[in-house]
Amino acid sequence: MKSAVETLNPTRVRLTVEVPFEELKDSLDAAYKKINQQVTVKGFRKGKIPARVIDQRFGRGAVLEEAVNDALPKFYTEAVNEAELNVLGQPEVDITELKDGETLNFTAEVDIRPAIEIPDYSGIEVEVDAVEVSEEDVEKAVSDLRERFASTSPVERAAEDSDVVTIDLEAKVDGEVLEDGVASGVSYTIGSGELLDGIDDAVKGLEAGGEATFTSELKGGSAAGKEAEVTVKVTQVAARELPELDDEFAQLASEFDTLDELKADSRKRLENMKQYDQATQAQERVLEKLLELVEVPVPEKLLEDEINTRKHNLEHHQLGQMGLDLAKYLEIQGKTEEEFDAETKEAAVKGIKTQFVLDELVKQEKLNVNQEELTEHLMRRAASSGMSPDQFAQAVVEGGQVPLLVGEVARGKALAVVVEKAVVKDTNGEVIDLDDEDDVEQVTETVEAAEGTADEAAEEKSEG
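Calculation notes
- Residues numbered from 1 in each chain as written.
- Predicted model: local features only at pLDDT ≥ 70, side-chain atom pairs only at ≥ 80, totals over all residues.
- Heavy atoms only, no water.
- UniProt positions renumbered as here; feature names shortened; annotations may be inferred.
- Buried < 20%, exposed > 50% of the residue type's maximum accessible area, 1.4 Å probe, protein only.
- Helix = DSSP H or I, 4+ residues; strand = E, 2+ residues; numbered from the N terminus.
- Pairing = 2+ DSSP bridges.
- Polar contact = N/O pair within 3.5 Å; in protein donor to acceptor, adjacent residues only side chain to side chain.
- Contact = heavy atoms within 4.5 Å.
- Patch = residues over 30% accessible without salt bridge, like charges linked within 9 Å, V, L, I, M, F, W, Y side chains within 5 Å.
- Areas by Shrake-Rupley, 256 points an atom, 1.4 Å probe, with all protein chains shown as cover.
- Salt bridge = Lys/Arg side-chain N within 4 Å of Asp/Glu carboxyl O.

Per an unreviewed UniProt entry, the chain goes by Trigger factor and derives from Streptomyces chartreusis. The Sequence similarities (unreviewed entry) field of the UniProt record for the chain holds the comment "Belongs to the FKBP-type PPIase family. Tig subfamily." The record in UniProt for the chain states the following under Function (unreviewed entry): "Involved in protein export. Acts as a chaperone by maintaining the newly synthesized protein in an open conformation. Functions as a peptidyl-prolyl cis-trans isomerase."

In structure tokens:
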């Protein structure tokens, strides 16, 4: 076999392959054997039909077609390996010449990973938000905790803001009561915004036994997105009573003995959260700076596939779970379809560039992923998918997705290397040391967010 490579552009090549006919012998033998098992010829036992009889009865062309279909993947793979190409997706194959007994010639056009040169990235500087926790932040955290320990008691008066009402609901669309539009004994806190738009105004002022009718757009169910006439009946009004903010509350709501200790712990938790957010912000901004430094051609077919995958996941997974279609989603977001398409393309380009650049860095820095890092990543991905670690691991192995998970962790480690060499300052001009917060999993999450990684996309994206 002889092969040659023609570069069509930085991300696409054409392989020209010439195969001497004698190299098709194994595939021809396999073709005759396969046809032998599929056909019956009077006078011959099944599987024992001579090749000349198969040629006469079914045509030599059928045998050649079967043999070529069997042989092409092998010769294509050999040509790719010989040229040391890093291919993406499936090739477009064209048989240019097939002469029985002489030669098989074909071409294969395929996308490849572009050659990327990573420049010196040690001079990257970024600015992030300062970690500042105000007294108001602490008071809000304690207040939120206090809300969770509120008690309720029935009252004989009209419902007011923050009251908890027990209600029965009935929704009609075009005068017909919906099968899934009836509910009773629903507990609702006035002002929480957890049910339908307009329900707060409808129930305020009603006592137990009172009812009102209002119009609202349904957020879910069989008539999601439609205007409905909703009748609400109040069966009970209960006032919420908040516990006193004192040492007794601290003992009730936490492991601390005093309110001061509880507040100090709340401050520490808020600081930790803001430090985590700060580290994530630093990673995101360092990645953006890195991508600006590197020229990355994006294969058109890969970009098209990535855009389609993102749209599919949004429409059929995320929006489907919320009972929305794309048109309704765009209406809620206040975007046109053109704006959505432009944003999707921009995100897809960033995701592909992120993967290419960080994969190149993995090679350049000779980074490896150990078993502990892979296991920790698998556990987190399992939790986010709603599967048990054992179930997720089995699905990953059966789907041949282990290299994909290894790649995700490796790219996270590559970004960590860049972040470590970057100068990160907060808005107060203080240099931030991210070593403590900059763990592998957190950086990997940042990379996944940039790439737009999702379990569905991972299953559908084929590469290599």
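After that view of the structure, there is still more to cover.
J.: Mind showing me how you'd approach the pairing of strand β5 (residues 125–128) here?
T.: A regular strand carries its side chains on alternate faces of the sheet. Across the two faces of β5 the burial differs, with Val 126 and Val 128 buried and Glu 125 and Glu 127 not buried at all. Bridge count for β5 against strand β11 (residues 423–426) is four bridges, and the pairing is parallel. Across the sheet, the residue bridging to Val 126 is Val 424, located in β11.

J.: Looking at this structure, how should I read the side chain of Thr 354?
T.: Here Thr 354 is to be found in helix α10 (residues 337–364). On the basis of relative accessibility, which here comes to 0%, the residue Thr 354 falls in the buried class. For Thr 354, the side chain forms a polar contact with the main-chain oxygen of Lys 350, separated by 2.7 Å. In this structure, Thr 354 is in contact with Leu 287, Leu 291, Val 447, Ala 450 and Glu 451, ignoring residues within four places of it in sequence.

J.: Could you clarify how one ought to interpret a nonpolar patch on the surface in this entry?
T.: Nonpolar side chains collect at one region of the surface, where Val 93, Ile 95 and Leu 98 lie side by side and expose about 220 Å² of accessible area between them. In this structure Leu 98 comes out as partly exposed when scored by relative accessible area, which is 35%.

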